[in-house]
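Single-letter residue listing:
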Amino acid sequence: MALIISTGVYCDRNGEKYEKCVQPDEEVAFIIEKKVEKDADITQAINWLKKK
């Protein structure tokens, strides 16, 4: 028998800790879309990555 207790903390590349959650840079409403080219989440993510 074993008891394993673990915890996790998100950290960014600068070592800043996020104990509860990581807030998104931009929030997009989730809508199920079968066609990828019309998916608002994917389009927003691509545009965000191109800006960075």
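Keep in mind the model is a prediction, meaning the values are calculated, not measured. (Residues numbered from 1 in each chain as written. Predicted model: local features only at pLDDT ≥ 70, side-chain atom pairs only at ≥ 80, totals over all residues. Heavy atoms only, no water.)

Enquirer: Please clarify how the overall build of the chain should be interpreted in this entry.
Expert: For the chain, the count of helices and strands is one helix and two strands. Counted from the first residue to the last, the chain has its helices and strands arranged as β-β-α. For 52 residues, the compact-globule estimate of 2.2 N^0.38 gives 10 Å, and the C-alpha radius of gyration of the chain, at 17 Å, exceeds that figure by more than 25%. If you line up the chain on its principal axes, its C-alpha atoms span 50 × 30 × 15 Å. Across the 52 residues in the chain, those meeting the buried criterion constitute 2%. A total accessible area of about 5600 Å² is found for the chain, and carbon and sulfur atoms account for 55% of it. Averaging the locations of the 9 positively and 10 negatively charged side chains of the chain gives two centres separated by 4 Å. (Helix = DSSP H or I, 4+ residues; strand = E, 2+ residues; numbered from the N terminus. Rg over C-alpha atoms; globule rule 2.2 N^0.38 Å. Buried < 20%, exposed > 50% of the residue type's maximum accessible area, 1.4 Å probe, protein only. Areas by Shrake-Rupley, 256 points an atom, 1.4 Å probe, with all protein chains shown as cover. Lys, Arg positive; Asp, Glu negative; His and termini not counted. Charge placed at Lys NZ, Arg CZ, Asp CG, Glu CD.)

Enquirer: How do you make sense of a nonpolar patch on the surface when you look at a structure like this?
Expert: The grouping of Val 36, Ile 42 and Ile 46 at the surface amounts to a nonpolar patch, some 230 Å² of accessible area in total. Among the structural elements, Ile 46 can be located in helix α1 (residues 40-51). (Patch = residues over 30% accessible without salt bridge, like charges linked within 9 Å, V, L, I, M, F, W, Y side chains within 5 Å. Salt bridge = Lys/Arg side-chain N within 4 Å of Asp/Glu carboxyl O.)

Enquirer: I tried to follow the confidence of the model for the chain on my own but got confused; where do I start?
Expert: Should pLDDT be low for a region, the predicted coordinates there are not to be read in detail. In this model, the chain carries an average pLDDT of 83, and 98% of its residues clear a pLDDT of 70 or more. The weakest mean pLDDT in the chain belongs to strand β1 (residues 10-11) at 84; the strongest belongs to α1 at 88. (pLDDT = per-residue confidence, 0-100.)

Enquirer: Explain the environment of Lys 50 here, please?
Expert: Within the fold, Lys 50 resides in helix α1. For the pair formed by Lys 50 and Lys 20, sequence separation is 30 residues and the distance between their alpha carbons is 28 Å.

Enquirer: What am I meant to see in the side chain of Asp 39 here?
Expert: Relative to the assigned elements, Asp 39 resides in the loop between β2 (17-18) and α1. Here the side chain of Asp 39 touches Asp 41 through a polar contact of 2.9 Å, landing on its backbone nitrogen. (Polar contact = N/O pair within 3.5 Å; in protein donor to acceptor, adjacent residues only side chain to side chain.)

Enquirer: Help me understand the environment of Glu 19, please; the structure alone is not making it clear to me.
Expert: Structurally, Glu 19 can be placed in the loop between β2 and α1. Residues Glu 19 and Ala 45, spaced 26 residues apart in sequence, show a C-alpha to C-alpha distance of 25 Å.

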